[in-house]
Every structure is written in structure tokens, then in C-alpha cells.
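What follows is the residue order along each chain.
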Amino acid sequence: MISKNLKGMLRLEAAAIFTFSSIVYFQYNPDWLLFALLFLLPDLAMLGYLASNKTGAILYNITHSLIYPALCLSISWLAPKSELGISIGLIWFAHVGFDRTLGYGLKYASGFKHTHLGIIGR
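Residues numbered from 1 in each chain as written. Predicted model: local features only at pLDDT ≥ 70, side-chain atom pairs only at ≥ 80, totals over all residues. Heavy atoms only, no water.

Visitor: Help me out: how do you make sense of the sheet that holds strand β2 (residues 111-115) in this one?
Guide: Paired through backbone hydrogen bonds, the strands of a sheet run either parallel or antiparallel to each other. Taken in spatial order, the three strands make up an open sheet running β1-β2-β3, and their pairing is antiparallel. The open sheet has two edge strands with one neighbour each: β1 (107-108) and β3 (118-119). The pairing of β1 with β2 spans two bridges and is classified as antiparallel. Bridging from a neighbouring strand, Tyr108 pairs with Gly111 of β2. (Pairing = 2+ DSSP bridges. Helix = DSSP H or I, 4+ residues; strand = E, 2+ residues; numbered from the N terminus.)

Here is the structure:
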């Protein structure tokens, strides 16, 4: 069980990730439409829960881990600089930060409500 203090700290950290990545995105690419279109895209992974809790958790965790937006951003920055890839990485970071700020953490296979931040809801 995660303590309230630690949970609060992790959610504050997530809010910082959301805020920072959003600010950098809009400094780098002020395209509100692209941001709006891609911001909720990682949540399509929740469709995996239609197959099973395990499949849903795996897909959700792949799209909501900070590893993949970091890879996207790094590759897009270091390879032939891809403006779209950089934008996607920043939006993806913003999405993960936003979700974790709301308490939606990485999932356990036991069900959608069981996360690394604790159980969602009351």
C-alpha cells in the first residue's frame, strides 16, 4: 500500500511532467489542433481490456510508461530531426503526466482500478 504522502508526491511529480512537456511543446510547436488530436490517443490502449485484464494492463502500460515517449523524443531529436516525432513525444509525455496527476497509474493484471499509485476510486 502506498502512503498518502508518497502518493501526493508522485502526483505532484506527474503534474510537473504534464506542465513542463506542455510548455515545451507549445514553445516548440504551437499547433493546438495536433495537441488536441493526439493527447488522448494513448487511451485507445484501454480497448485491450475488452480482451482481458492482462491484455488491457499490458497495452495500457506500454502506452503509459515514460520509456516510450522518451524513446520517441530521443530518436526524433537525434536521428534526422523529425519535428512531428518531437511533437508526438512531448504530447505523449504530457498525456502520461496528466493521467498520473489524476491518479491513473500503471496497471496490474488484476484489473483496471489496480495501479502502482493505489486503487482508483473509493
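So much for the structure itself; the text now carries on.
Visitor: Quick question: what am I supposed to make of the environment of Phe112 here?
Guide: Tracing the backbone through its elements, the reader meets Phe112 in strand β2. For the pair Phe112 and Met9, spaced 103 residues apart in sequence, the C-alpha to C-alpha distance is 22 Å. If we skip the residues at most four places from it in the chain, Phe112 touches Met46, Tyr49, Tyr60, Tyr104, Lys107 and Ile120. (Contact = heavy atoms within 4.5 Å.)

Visitor: Teacher, can you tell me more about the packing of aromatic side chains here?
Guide: We describe a pair of aromatic rings using the distance from one ring centre to the other and the angle between the two ring planes. If you walk through the whole model with that rule in mind, you get 11 aromatic pairs. Ring centres of Tyr25 and Phe35 lie 5.2 Å apart, and the angle between their planes is 45°; on these two criteria the pair is classed as tilted. With Tyr25 in helix α1 (residues 4-28) and Phe35 in helix α2 (residues 32-39), this residue pair connects regions lying 10 residues apart in the sequence. For the pair Tyr25 and Phe35, one class covers both residues: buried. Classification of Phe35 by relative accessible area gives buried; the value is 10%. Joined through ring pairs, the aromatic side chains of Phe18, Tyr25, Phe26, Trp32, Phe35, Phe39 and Phe98 make up one cluster. The cationic tip of Lys107 hangs over the ring face of Tyr60; the distance from NZ or CZ to the ring centre is 4.4 Å. (Phe/Tyr/Trp six-rings, centres within 6.5 Å; stacked < 30°, edge-to-face > 60°. Buried < 20%, exposed > 50% of the residue type's maximum accessible area, 1.4 Å probe, protein only. Lys NZ or Arg CZ within 6 Å of the ring centre and 35° of its normal.)

Visitor: What is the right way to look at the nonpolar core in this model?
Guide: As a rule of thumb, soluble globular proteins bury nonpolar side chains together. By size, the foremost hydrophobic cluster in this structure holds eight residues: Tyr25, Leu34, Phe35, Phe39, Ile86, Leu90, Ile91 and Ala94. Within the residue set of this core, elements represented by two or more residues are α2 and α5 (83-101). The dominant element in this core, judged by the number of residues it contributes, is α5, at four residues. In contact with Leu90, other than residues within four places in its own chain, are Ser21, Val24, Tyr25 and Leu73. (Core = buried A, V, L, I, M, F, W, Y, C linked by side-chain atoms within 4.5 Å.)

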